[in-house]
Structures are given as C-alpha cells and as structure tokens.
Amino acid sequence: MRPGEWKGERRVALLAVVVAGAGWTAIASAGLLAGPTRVPIAREHRHESRKVEHRPGELCAGGEASLARIEVVPEAVVRQAGRERVEYHSEIALHRGKKVGVAWKADVINDRGVVVVPNVDVGAFKGKSGDVAVSKTLRADLNDGFYSLRVRAAVTAEGEVPDVLESAQHLEVKGGRWTELTDSEWTERSNEAQAFSAAELSARGMR
Amino acid sequence: MNRFIQGVVGAAVFALAAEGAAQADVTGYVSGKINLWNNNGNYCPVQGTCTGSRFPESQRGNQPFSNAAINLYDAANNFIGEGNSATDGTFLVSWTAKTRPTQIRMRFYAYHRDGRFYFTDTAGGLYNWFTGLINTVANTTPTNPQPIGTTWSGGSSGSPNPYANAYWAAEKLWRTVFNLVGVLQTNFTQVEIRGFADNIPGFRGECTSSCASGPDKQVQLDAAAGFKPQARVMHEMGHIATYVTHPWERTNNYNFPDTVAGGGGWSRNEAEWGVSGFEEAFATHYGSIAFWGANATAPTTCNSTQSCYTVVVGPPASATPLANTNIEATSFPFATNNCVGGDMPESRWPLSHMRYFWDVFDSNNDATADTYSANAGDFWRHLHNLAWYPEGTGANDIDEPWNSDYSAVTNRDGRGSSSYRANYNTNVVNTSGIRTANCTPP
C-alpha cells in the first residue's frame, strides 16, 4: 500500500502492538507461552467514507471513476523466536458496475523486481458495486532485505472496460523485524531506483 | 530548471569557479542510452483497427526514455555535470572536475529537459534512477566519448516502473500535442506531477482518482494511476492545459440533474452538466490526439491499464472497441440531434463532448457535416480556442457559468461545447453540424 492517510493510524497501531507484543514476549520468555504470538492490528473500516468529493479549488473531481480500488491492509503483528513480521490482507472495493468479477494474485518481490515468494494468495470474487473482496491473510517468512508485498487484481464488469489494479506495501526486514516503508523511504533506502544494465536484465531473464 | 537542481548546479558552479583560477578543469564525455519498460495501457492491440494509431502495441516494452534530465556525480556524490536524453533515449553528457574522477554515477530524472513538467515522489523529491559507480577513462571527447552502456532501464518487464511509464505518456503528450500550440509553449511550464498515492497531505490531499490544480500547476496521481495514461496523467495534464490557455473561475457541477455541489465522480457515459462534461472531455481530448492521428477510423479512450478493446487472439484474430470507448462512433443518426432519451441522456455524456472534439480534429468523415478537419491547418487553433473566449460572465464568455458578481453559478451548462462552438465559429469556422452529429452536447 502506498503511503497515505493510513500511515499515521497504522504506525500508532503498530506502536501499540509492539508495546503489547513486548509484554507477550516477556511472558513467553518466562516459559508461560510457547509458539508465536499474534496480535491483531485494530483498524477502522473506511471504504464507505471514501467517495469522491468535489472540493473548492480543485480543477476536477478527479479523473474518470475506476471500477474498483485495492488496498493492502495490515492485519496482525506476529512475534516468534525473536523475529517479528506483519501479516496483511488485501481488500478490493468495487465502485462501479454490475456483474463484477475480480481475480487477484499476491506476490512478494524484492527491490530489483524479482519475485521471491510467488502466489502468497490467489483468489477470485464475483459481486456488484459496493461489495468488498477480501483476500486470505498474506504472510511470508523473509530474510533481511527490501521487499514489496504486491497484490494485482484484474477487474471486469458488464459493459465496462476491464482494468488491472495494483497495490504494494514496501518493507524492510532487518534483524528479522519488519518495518513498513513509505514510497520515499523505499526509493532512498532500497536498490529499487538503481538503473538496470542490459546485462543484468538479460541475466535475470527480463528485458 | 527545478530549484533543487538549480541549487545543486549553483553550488557546483561556485565551487568550480573558486578553484578554477588555481588549476584548469578536466572535462570528460560519456554516451549511452536510457530506456524504460513501457507497460502503459490504452494502446491499440495488434489485432485491432490501428489505422492512425500513435500508440500501437509495438510501442510497449523497451522504449526510449525521451528528453529527460541527466546529472553526473563523482563517487563522493559531488555534482560534476548534466545533460539530457534525446527523443530516441540516447545521450552524450559531459562532466567537469578539477581532476578526472576515478568513478562517476549517473542519475536519470523524470524531469522534462525544458522544465515543462517533472515527477516527484509522495514526499516531493525529484524521482530519479541511478547507476552504479562507473570507472572513468581518460581523454574522452564529444566525438570519442566513453560508452557506458546501451541500456539503462527505469523498471523492467518483471516490475515496470509507474513513474517511468507516466513520464513516457507525459513526454509524448508534450512533444506531440502541447508543443505545437503557442499558448501552451508559453504557459505550460514547471508543472509538478506527484504520485503515486490516493492521499498526499500537504499537496492536493485526497484524490482517489487523481486531480489537478491549474493555478498551482500541480497534478496528483492516485495509487493506481501509473499505467493508465489517457484517463490519468494525460487527462490531468489536460486540465492544466485548459487552465493555462485561459484561466477561469472554476466550478464543480457534476451529476446532472443533481444541483447539489459536491459528491460523486464522473464517467464517460453518465450525464453531467455542460460545464463539467466539457472540461473533463477537453482534458481527455489532448491525450486522444496524442495517441491517435487525424486519419484514425476507430480511435478510443478508456480508463484502464489495458487496451480499450475486446481482443480475440484467434484464429481468426480480431479486436473490437469496448462499449463507450470509440470516440469516432455515434450512437444516433444525424437526424436525432439531441439524444435526450433516458435518465442519462447521451447528449450530456462527456463522451459526446469528446466525440464532438474528435470530429472537429479528425479527417475521417464518419457523419453528415463532418467534412472539416482542424488537423488540416487549424491544429493549434482548435486547442487555442479557449484563449479567444471573451472575459466576463456573459453568453460564451470564459466565466459563463457564473452570475455577474461571481456570487453564484447560475448557468451550469455555461463554458460547455455550445460555447466552444460559438467561439470557434467567431475565430475559425462553424462546426455546428459536427456538434449536431454528436448528440449536440451542451
């Protein structure tokens, strides 16, 4: 997911989770619990309030309305054996059309565009405007590095132009702990913006 | 040039000037080519009727990253030179330093070489790609530069880059359309295009389907806008173009017949008041004529990362424009000139405005009275027409929707296609028949 209005809410939520998680870890260290701890991340459901509004000073209400909107939503923080990862799910909110069909696929790619965990989830949904398709929980064990959890969804609707939507949450894993990155942080800290040489693309089977 | 780059350049020039008196500078030259992986939608598929297409499917994949700013740095990240890519993506740039740097690094910016527009990330930083450190060689000249590689790509087939793709569309729009119109050559400068997020606090705020501000020369692209050129970056740049062609007191009157300001989006085939239907359609028109030549027989526009066609791979292969994407088509015979049936009268569809503008532009006579083509000598005039609108709030004036003291919008069909036709008639030619052939959009 791109940085946006969720950022503040999410970081507050994550902080609360980290504090709670620390408590759980202490309990676990004392031998009172075994296995991973999974602390859900509270989230306000906002789809209904995200209709396009006309604001004074804007030249247009926005471009032509899309069939759907896709988000990657943090779901829980999981701690185990000194490592901490975030689990997500994807929500695809259908904004227009009748007989809407959605098919999605979630992958983890690294900062050089290589898929490192394919098919984190693959799913499909049939519905109508106003419905929200929700993926399974998106989880992956990742080594230290820079990654994007990327969800792509193909959307079709009766009498409408098909579309492919994409949303990604950028991540850094360091010492086994996940940190969400904004677009700017992703660009500055990862190798995402390093230009490819022809040789590198060829060696990786890309063009 | 952007203030950021100006600052960097200024500091470097000062430093070089201060040291220049003591020791002669060394200059070197590097050459190469910058490409992007073009993953944009709205192309004409190989199976389609691509007569007149300026974006056939063959232009996807490896394409030149055209007319973009390039900076050079030494290994310590000191600025040592700048240049640009050409339209074909090739570049020949020089560096200058006190002594030849052992290594250099290049940065390719999504920044138009003439400063017409530039792309920034959500925090406002100039978006760029960088090479690894490159060992330099001695004694290079403009005719014997150091070749550093034939391809440095922004993105790849496995992970196409949205900034590179939106830049490609923006550059094509500038070079093939805006650059041919004097008023845009004068006024379309330093437009910041920031993305990609649905909400960018401190910029345009929340715009879930992108937005633009003419007075601020700002475009904000939503999270999904990277590969939808016609409906997103080109469309929003179109809004900036209409505004800088002739600033107007903007209104927000969508959703005919709803008279409540605010609420709702728009689409090509839903009814809008004339002022909004016209503005959205004209903003889209620039992108339509960037992607389609005047002789096109089935030009399309749509909001998608894909083509605007239903494709049958075959055999036999075929491709048919999807519903409400063909801007050359007409849904009614010429005799039915208002198309007002139903609760979403087609006369008020932005698509009807788009079809009117297309028929003004094109040379393909698909309907009665469609014998005029602005492309044959009047290209700049049909885009300049807004500049000829008289100032004021009277009939066919630039602020026609407003009452005389600008306290209220009293004519929601003002500054629409009707006014466009009237002003074009005054300054160029009468296009009444063409407007009639396209449902007489208000």
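Look a little higher up for the structure.
Residues numbered from 1 in each chain as written. Chains lettered and ligands numbered in written order. Predicted model: local features only at pLDDT ≥ 70, side-chain atom pairs only at ≥ 80, totals over all residues. Heavy atoms only, no water.

Engineer: What is the right way to read the overall build of chain B from this model?
Structural biologist: Counting its regular elements, chain B contains nine helices and 18 strands. Taking the principal axes of the C-alpha coordinates as reference, chain B spans close to 80 × 65 × 40 Å. Within chain B, buried positions represent 59% of all 442 residues. Put simply, of all contacts in chain B between residues at least 6 apart along the chain, 69% involve residues at least 24 apart. Taken as a whole, chain B presents about 15000 Å² of accessible surface, with 49% of it coming from carbon and sulfur. Charge separation in chain B, taken as the distance between the mean sites of 26 positive and 35 negative side-chain charges, equals 7 Å. (Helix = DSSP H or I, 4+ residues; strand = E, 2+ residues; numbered from the N terminus. Buried < 20%, exposed > 50% of the residue type's maximum accessible area, 1.4 Å probe, protein only. Contact = heavy atoms within 4.5 Å. Areas by Shrake-Rupley, 256 points an atom, 1.4 Å probe, with all protein chains shown as cover. Lys, Arg positive; Asp, Glu negative; His and termini not counted. Charge placed at Lys NZ, Arg CZ, Asp CG, Glu CD.)

Engineer: Sorry, what's going on with the nonpolar core here?
Structural biologist: Within soluble globular proteins, side chains that are nonpolar tend to cluster in buried spots. Among the nonpolar cores identified, the biggest contains 94 residues, and Met106, Phe119, Phe178, Phe188 and Val233 of chain B are the most heavily contacted of them. Take this core: its biggest share by element is nine residues, from helix H2 (residues 162-176) of chain B. Excluding its chain neighbours within four sequence positions, the residues that come into contact with Met106 of chain B are Val30, Ile70, Asn71, Leu72, Phe91, Val93, Trp129, Phe130, Thr131, Ile134 and Ile148 of chain B. Formed by 30 residues, the second largest nonpolar core is a distinct cluster that contains Ile41, Leu67, Ala140 and Leu171 of chain A. (Core = buried A, V, L, I, M, F, W, Y, C linked by side-chain atoms within 4.5 Å.)

Engineer: Explain the state of the cysteines to me, please; I cannot follow it from the model alone.
Structural biologist: By definition, a disulfide links the sulfur atoms of two cysteine residues through a covalent bond. All names here are of chain B. A full pass over the atoms with the stated rule returns four disulfides over all chains. Disulfide partner of Cys44: Cys50, at an S-S distance of 2.0 Å. Between Cys44 and Cys50 the disulfide shows an S-S torsion of about -95 degrees. By sign, it is left-handed. Taking relative accessible area as the criterion, Cys50 reaches 26% and is therefore assigned partly exposed. Each disulfide pairs two cysteine sulfurs, and for Cys207 the partner residue is Cys211, the sulfurs being separated by 1.9 Å. Of note, the bridge from Cys207 to Cys211 carries an S-S torsion of about 70 degrees and is right-handed in sense. When the cysteines of chain B that form disulfides are numbered from the N-terminus onward, they connect as 1-2, 3-4, 5-6, 7-8. (Disulfide = S-S within 2.5 Å.)

Engineer: What is the right way to read the pattern of salt bridges from this model?
Structural biologist: When the charged atoms of two side chains with opposite charge come close together, those side chains can pair. Scanning the entire structure with this criterion turns up 25 salt bridges over all chains. Among the ionic pairs, Glu84 of chain A bridges to Arg177 of chain A, the shortest N-O distance being 3.5 Å. Residue Glu84 of chain A is located in strand E3 (residues 83-94), and its partner Arg177 of chain A is located in strand E9 (residues 177-181); the two are separated by 93 residues in the primary sequence. Overall, Glu84 of chain A belongs to the buried group, its relative accessible area being 7%. Arg177 of chain A sits in the partly exposed class, given a relative accessible area of 35%. Lys228 of chain B is paired through a salt bridge with Asp163 of chain A; the nearest N and O atoms lie 2.6 Å apart. With Lys228 of chain B in the loop between strand E16 (218-220) and helix H4 (233-245) and Asp163 of chain A in strand E8 (residues 163-174), this residue pair bridges two chains. In this structure, a network of salt bridges that share partners links the residues Arg38, Glu75, Arg85, Glu87, Arg139 and Asp141 of chain A. (Salt bridge = Lys/Arg side-chain N within 4 Å of Asp/Glu carboxyl O.)

Engineer: What exactly am I supposed to notice about H2 of chain B here?
Structural biologist: Since there are 3.6 residues in each turn of an α-helix, residues three or four apart along the chain are aligned in direction. Look at H2 of chain B: 21 Å from first C-alpha to last across 15 residues, which is about the 21 Å you get at 1.5 Å a residue. Most of H2 of chain B is tucked away, with 13 of its 15 residues classed as buried. (Expected span 1.5 Å × (residues − 1).)

Engineer: It is not clear to me how the packing of helix H5 (residues 274-291) of chain B against helix H7 (residues 379-388) of chain B should be interpreted in this structure. Could you clarify?
Structural biologist: Helix-helix packing is characterised by the crossing angle of the two axes and by the distance between the axes. All names here are of chain B. Contact geometry for H5 and H7: axes closest at 12 Å, N-to-C directions at 155 degrees. In terms of orientation, H5 and H7 fall into the roughly antiparallel class. Seen along the crossing, H5 lies across H7 with a hand that is left-handed. The residues of H7 that touch H5, namely those facing Phe278, Phe282, His285, Tyr286 and Ile289, are Phe379, His382, Leu383 and Leu386. When the residues that make up the contact of H5 with H7 are grouped by side-chain class, the tally is seven nonpolar, two polar and no charged. (Axes fitted to C-alpha atoms, helices over the stretch in contact; angles between N-to-C directions. Parallel < 35°, antiparallel > 145°, perpendicular 65-115°, else oblique. Left-handed = near helix turned anticlockwise from the far one by under 90°. Nonpolar A, V, L, I, M, F, W, Y, C, P; charged D, E, K, R; others polar.)

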